[in-house]
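Listed here are the chains, written in short residue letters.
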Amino acid sequence: PTLLEFGTEAQKQRFIPPAISNRERWCQGYSEPGSGSDLASLQCRGQLDGDHYVLSGQKIWTSNARQAEWMFGLFRTDPEASKHAGITYLLVDMKSPGIDVRPLKGMTGDMEFNEVFFNDVRVPVENVVGRPGEGWGVSRATLVHERNLIASPNMIRETFNDLLDLARRTQIGG
C-alpha cells in the first residue's frame, strides 16, 4: 500500500507484482540499537554519492531478514536536519554487497529476528520512495497501512481493490 501511495510508476511495476505473488519477500528496516521506540533518533546513514546512496550502520529486530530479498527502511540522509527531517525511505536489495545479516536467538530458540549491518552498501537513487529527506511521512503511512490491514475490513477491501486494479492494468494473471 505504501508504494501505491508514494511510489513511482516504475517502482509500482517492479515491486508490487512479485510482492503480491509472493515471489519476493520483504523485511522492514526501522529499529536500531539504542533507539528504543524513538524511531526518529535513527543513526543508520545514507550518504549521497552520485546516483547512489551509500549506507552504513545497523538495524536490529528485523523480522525475517535472512529470508527477505528486499528491505524497506529508513536512513538518515541529512545529519544536519531536524530530528524528523533528513530521513529517507529506501528500498534495499538484501543481496547487495556489504550487507551482513546476523540472527538473534530468542528465548524459545527461534531466530525470527535479526541484526542487519550495512558496510558501504550502494542503493540507487531510484529506490527512494517519496522524496529524499521526507521518509518520516512515508514511514508513518506504512505504519498506518499495517495497522489498518490488521484491524479494518474496509481498509483491507480498499487495498485489495487497489491491488486488483493494478494487476488488471498490468495484465498480471490475465
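We now turn to the structure provided with this report. (Residues numbered from 1 in each chain as written. Predicted model: local features only at pLDDT ≥ 70, side-chain atom pairs only at ≥ 80, totals over all residues. Heavy atoms only, no water.)

Points about the environment of Asn-64
Condition: Secondary structure elements follow DSSP: runs of H or I of four or more residues count as helices, runs of E of two or more count as strands, with numbering from the N terminus. Burial classes: relative accessible area under 20% of the type maximum marks a residue as buried, over 50% as exposed, and values in between as partly exposed (1.4 Å probe, protein chains only). Residue contacts are counted whenever heavy atoms from the two residues lie within 4.5 Å of one another.
For Asn-64, the location among the structural elements is in the loop between β3 (52-63) and β4 (70-76). On the accessibility criterion, Asn-64 (37% relative accessible area) is partly exposed. When the C-alpha atoms of Asn-64 and Gln-28 are compared, they prove to be 9.0 Å apart, with 36 residues separating the residues in sequence. When sequence neighbours within four positions are dropped, the list of residues in contact with Asn-64 reads Glu-112 and Asn-114.

Here's the deal with the pairing of β4
Note the threshold: Any two strands with at least two DSSP-identified bridges between them are counted as paired.
Burial within β4 is extensive, with seven of its seven residues counted as buried. Of the two faces of β4, both are covered, the one formed by Trp-70, Phe-72, Leu-74 and Arg-76 as well as the one formed by Met-71, Gly-73 and Phe-75. Judged from the four bridges that link them, strand β1 (residues 26-29) and β4 form a sheet pairing that is parallel. Bridge assignment links Trp-26 to a residue of β4, and that residue is Trp-70. Judged from the seven bridges that link them, β4 and strand β5 (residues 87-93) form a sheet pairing that is antiparallel.

Quick look at the pattern of salt bridges
For side chains bearing opposite charge, pairing can occur when the charged atoms are close. Heads up, the condition is: The salt bridge definition used is simple: a Lys or Arg side-chain nitrogen within 4 Å of an Asp or Glu carboxyl oxygen.
Tallying each qualifying case throughout the model produces six salt bridges. Note that Arg-25 is salt-bridged to Glu-69, the shortest N-O span being 2.9 Å. Remark: Glu-69 occurs in the loop between β3 and β4 and Arg-25 occurs in the loop between α2 (9-20) and β1; sequence separation between them is 44 residues. Classification of Glu-69 as buried rests on a relative accessible area of 19%. A salt bridge links Lys-59 to Glu-32, with the shortest nitrogen-to-oxygen separation between them at 2.8 Å. Of this pair, Lys-59 sits in strand β3 while Glu-32 sits in the loop between β1 and β2 (45-49); the two residues are 27 residues apart in sequence, bridging distant segments of the chain. In this structure Lys-59 comes out as buried when scored by relative accessible area, which is 0%.

Observations regarding unusual backbone geometry
Phi at Asn-64 is positive, roughly 55°, even though this residue is not glycine. With a phi close to 55°, Asp-120 is a non-glycine residue in the positive phi region. For Asp-120, the position within the fold is in strand β7 (residues 113-124).

Keep in mind these values describe shape, not function.
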